[in-house]
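An overview of the molecular structure
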Amino acid sequence: MTLDQYLTRNKMTATEMAQILGRAISTVTRIRKGEIKPDYSTIQEIVDVTEGRVTPNDFFVMPAKKARK
């Protein structure tokens, strides 16, 4: 689950999450939009706050494998 999905499903704003995490609203908004990747400590805090619903893997997308010829 992405941070955006978590916030939407839990009717939580980026402002509320920013207050919980002790981060700037702009930082949480940019993470939510996928514009930036959070640092390790922020990822861990998000995992803790969301009780594991958002995982570290949710911040990274693996590129698709190319088909073998």
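Residues numbered from 1 in each chain as written. Predicted model: local features only at pLDDT ≥ 70, side-chain atom pairs only at ≥ 80, totals over all residues. Heavy atoms only, no water.

1. Digging into the environment of N10
Following the sequence through the fold, N10 ends up in the loop between helix 1 (3-9) and helix 2 (14-21). It is 34 Å that separates the C-alpha atoms of N10 and K65, two residues lying 55 residues apart in sequence. (Helix = DSSP H or I, 4+ residues; strand = E, 2+ residues; numbered from the N terminus.)

2. Some points on the nonpolar core
With 15 residues, the main nonpolar core has L3, Y6, L7, M17, V28, I46 and F59 as its most contacted residues. Secondary-structure elements contributing two or more residues to this core are helix 1, helix 2, helix 3 (25-33) and helix 4 (40-49). Per-element accounting of this core gives the leading share, four residues, to helix 2. Look past the residues within four positions of F59 in its chain and what remains in contact with it is I31, K37, P38, I43, I46 and V54. (Core = buried A, V, L, I, M, F, W, Y, C linked by side-chain atoms within 4.5 Å. Buried < 20%, exposed > 50% of the residue type's maximum accessible area, 1.4 Å probe, protein only. Contact = heavy atoms within 4.5 Å.)

3. Considerations on unusual backbone geometry
The backbone of K11 shows a phi angle near 50°, a positive value even though the residue is not glycine. Structurally, the position occupied by K11 is in the loop between helix 1 and helix 2. Exposure remark for K11: the relative accessible area of 76% places this residue in the exposed category. In this structure, E51 is a non-glycine residue whose phi angle is positive, near 55°.

4. Re the pattern of salt bridges
According to the stated counting rule, one finds four salt bridges in the structure shown. A salt bridge links E45 to R23; its shortest N-O distance comes to 3.0 Å. In this pair, E45 is assigned in helix 4 and R23 in the loop between helix 2 and helix 3, connecting sequence segments 22 residues apart. Given a relative accessible area of 27%, E45 falls into the partly exposed group. The closest approach of N and O atoms between R30 and E35, which form a salt bridge, is 3.5 Å. For R30, a relative accessible area of 40% corresponds to the partly exposed category. (Salt bridge = Lys/Arg side-chain N within 4 Å of Asp/Glu carboxyl O.)

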